[in-house]
Amino acid sequence: MADKADSTPTTMTKTLASRLANIVPFHVMELQKMAAALEADGKSIIHLGIGEPDFTAPPQVIEAATVAMQNGHLQYTPALGILPLRQAISDHYRDVYGVEVGAERIVITAGASGALLLACAALVEKGSEVLMPDPCYPCNRHFVAAFEGRSKCVPCGPESRFQLTDNMVKNHWGPDTKGVLLASPSNPTGTSIPPSTLSSIINTVHSKNGFVIVDEIYGGLTYTNDSPKPFTALSLSSDIIIINSFSKYFHMTGWRLGYLIIPAALLPAIEKLSQNLFICPSVIAQHAALACFQPSTLCTYSARLAELATRRAFIIPALKSLGWEIPVEPDGAFYVYCDVSRWTADADSLTREILRDVGVVVVPGMDFGVWGAKKYVRVSYAQRMEKLGEAVERLRGFFEGRRPLRGEGLVKDDVRHEGMVVEE
Ligand SMILES: Cc1ncc(COP(=O)(O)O)c(C=O)c1O
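Worth saying up front: this structure is predicted, and the values here are computed from it rather than measured.

What counts as what
- Residues numbered from 1 in each chain as written.
- Predicted model: local features only at pLDDT ≥ 70, side-chain atom pairs only at ≥ 80, totals over all residues.
- Heavy atoms only, no water.
- Helix = DSSP H or I, 4+ residues; strand = E, 2+ residues; numbered from the N terminus.
- Buried < 20%, exposed > 50% of the residue type's maximum accessible area, 1.4 Å probe, protein only.
- Polar contact = N/O pair within 3.5 Å; in protein donor to acceptor, adjacent residues only side chain to side chain.
- Contact = heavy atoms within 4.5 Å.
- Domains from an automatic or database assignment.
- Buried area = accessible area lost by both parts, 1.4 Å probe.
- Salt bridge = Lys/Arg side-chain N within 4 Å of Asp/Glu carboxyl O.
- Nonpolar A, V, L, I, M, F, W, Y, C, P; charged D, E, K, R; others polar.
- Near = heavy atom within 4 Å.
- Areas by Shrake-Rupley, 256 points an atom, 1.4 Å probe, with all protein chains shown as cover.
- Pairing = 2+ DSSP bridges.
- Expected span 1.5 Å × (residues − 1).
- Patch = residues over 30% accessible without salt bridge, like charges linked within 9 Å, V, L, I, M, F, W, Y side chains within 5 Å.
- Axes fitted to C-alpha atoms, helices over the stretch in contact; angles between N-to-C directions.
- Parallel < 35°, antiparallel > 145°, perpendicular 65-115°, else oblique.
- Left-handed = near helix turned anticlockwise from the far one by under 90°.

Peer 1: Describe the side chain of Ser192, with residues and values.
Peer 2: Tracing the chain through its elements places Ser192 in the loop between strand 5 (177–183) and helix 8 (195–207). Look at Ser192 and you get buried, because its relative accessible area is 16%. Reaching out from Ser192, the side chain makes a polar contact with the side chain of Asp331 at a distance of 2.4 Å. Beyond its immediate stretch of four places on either side in the chain, Ser192 contacts Arg161, Gln163, Ser184, Pro185 and Asp331.

Peer 1: Report on the domain arrangement of the chain, specifying residues and quantitative values.
Peer 2: Parsing the chain into structural domains produces domain 1 (23–52 + 297–399) and domain 2 (59–292). The gap between the C-alpha centroids of domain 1 and domain 2 is 25 Å. Contact residues are listed per partner, giving 33 residues for domain 1 and 39 residues for domain 2. Summed over both partners, the interface of domain 1 with domain 2 comes to about 3200 Å²; 62% of that surface belongs to carbon and sulfur atoms. Considering only the side of domain 1, the residues that lose the most area to domain 2 are Tyr301, Asp331 and Trp371, jointly responsible for 23% of the buried surface there. Linking domain 1 with domain 2 are 1 salt bridge, by the criterion used here. A salt bridge links Asp331 to Arg161, with the shortest nitrogen-to-oxygen separation between them at 2.7 Å. Our count for the contact surface shared by domain 1 and domain 2 stands at 19 residue pairs in polar contact (both at pLDDT 80 or more). Of all the secondary structure elements, the ones that give two or more residues to the side of domain 1 that touches domain 2 are helix 11 (295–320), strand 9 (335–339) and strand 12 (376–380). Broken down by element, the residue count for the side of domain 1 that touches domain 2 peaks at 10 residues, all from helix 11. Residue composition of the side of domain 1 that touches domain 2, by class: 20 nonpolar, 6 polar and 7 charged.

Peer 1: Account for the site of the ligand, with residues named and values stated.
Peer 2: In the vicinity of the ligand lie 13 residues, with Ser113, Asp215, Tyr218, Ser245 and Arg256 positioned nearest. Contact distances for the ligand include 2.5 Å between an oxygen atom and a side-chain N or O atom of Ser113. In this structure, an oxygen atom belonging to the ligand sits 2.7 Å away from a side-chain N or O atom of Lys248. Taken by itself the ligand offers 400 Å² of open surface, and the protein chains cover 92% of this. At 4 residues, helix 5 (residues 111–123) tops the list of elements feeding residues into the shell around the ligand.

Peer 1: Provide a residue-level description of the pairing of strand 2 (residues 106–109), including the pertinent values.
Peer 2: Neither face of strand 2 is left uncovered, since the one carrying Ile106 and Ile108 and the one carrying Val107 and Thr109 both have all their residues buried. Pairing between strand 2 and strand 8 (residues 258–261): 4 bridges, direction antiparallel. The partner of Thr109 across the bridge, within strand 8, is Gly258.

Peer 1: If you had to explain helix 5 to someone new, which residues and values would you point to?
Peer 2: Taking 1.5 Å of rise per residue, the 13 residues of helix 5 would be expected to cover 18 Å, and the 19 Å separating its terminal C-alpha atoms lies within 8% of that figure. Within helix 5 the residues assigned to the buried category are Gly111, Ala112, Gly114, Ala115, Leu116, Leu118, Ala119, Cys120 and Leu123.

Peer 1: Talk me through a nonpolar patch on the surface; I want residue IDs and the actual numbers.
Peer 2: On the surface, Leu16, Leu20 and Ile23 cluster together into a nonpolar patch covering about 260 Å² of accessible area. Tracing the backbone shows Ile23 in the loop between helix 1 (11–14) and helix 2 (27–40). Its relative accessible area of 33% is what places Ile23 among the partly exposed residues.

Peer 1: Go over the pattern of salt bridges, please, and point to the residues and values.
Peer 2: On inspection of all chains with the given rule, the structure shows 20 salt bridges. When the shortest N-O distance is used, the salt bridge between Glu30 and Lys33 registers 3.4 Å. Here the residue Glu30 and the residue Lys33 both occupy positions in helix 2, the gap between them amounting to 3 residues, near one helical turn. Put simply, Glu129, Arg150, Lys152 and Asp176 are held in one network by salt bridges that share partners.

Peer 1: Requested: an account of the packing of helix 5 against helix 9 (residues 267–277), with residues and values cited.
Peer 2: The N-to-C vectors of helix 5 and helix 9 enclose an angle of 120 degrees; their axes lie 10 Å apart at closest approach. Between helix 5 and helix 9, the interaxial angle falls into the category oblique. For the pair helix 5 and helix 9, the sense of crossing is right-handed. In this structure, helix 5 uses Leu118, Ala121 and Ala122 to contact helix 9, whose residues at the interface are Ile270, Leu273, Ser274 and Leu277.

Written out as structure tokens, the structure reads:
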């Protein structure tokens, strides 16, 4: 029988679940496809699009993975993860964040994505609403949609550092709202929620018997000296869910390893979901990750953080010198969210033009929500300094001789995505 590699509808397409209508593709993937085609034609492309550190796992981690395989650690592990790794994370929270989290509250998952999936499977009901900022990590609304919940995306502008405030949570909480999903520092904006705001939000949500999920995947990747110690929302309350990962701070994106920190009472629910949905996270990745916490590996990560700080110090003024506005300086992650409305009424077409003309990939705001989506682009500076320098020069060439927009050319409308509830 002939293989159907084309997209002609089949009987199977007719059986697709209706919830898929609420799940939209990642636009950045379209840009990546375009970039790949240009690269195949011999064009040099600089990638400032993808949210992935250019550093890969340090040698100690690779060595630990090799040893694990040689020692035959190749079978299923407990669904919650191997105890030494759960303990190592618990120790790390005590040493770095100054909070005591028992290893039994830590659940190892297949990346932060697996953690978000488990949390949403446990908490989101059909028809229930989850508050989140717009802009935010696009997959969040799709995790909620996968369990037939609705994301209530609240426009968050520069005034609140693109993050929800306690008042917004109070104003947008409705009869069907079940909880909030926050990320600090955030993707795409690299901004964090001040601890006092987070504390008020947690109190408000608890007073409404709702849940609080805080995605701290960019935790540790912070560049300000405001707080004497790295911060986790766990220092405010243990009655919340923390999402975290080895992808960003530990540079292990492709290893697919993350974790949840949950109140002990949720453990039976999460354990049975994890057993059924994943059986367990990758055994090799779990053994490899143990090496992340060795003193020499932690030193490597600190040095890499310092390198990211250097890149950040270069890229922010460099982007401003192009006439890109950075209304809020990011304090974390490795992103800068730039307002390019001086140059275009549609950031999406601008990103395509930039890619086609000068071979630089940056991501349009429409990937992250609706509010201001036509105005903003996200730049990831997780790229070597030489590449960042060259990218800026190419962009300078692109904008040279262009005239900024005025008056009626400026952006007025936001884009709309199917299946999104947008609160005005
Ligand atoms: C805010 C946020 N959460 C979760 C994820 C998913 O990460 P992981 O690779 O750990 O699944 C990402 C990835 O970019 C992210 O930016």
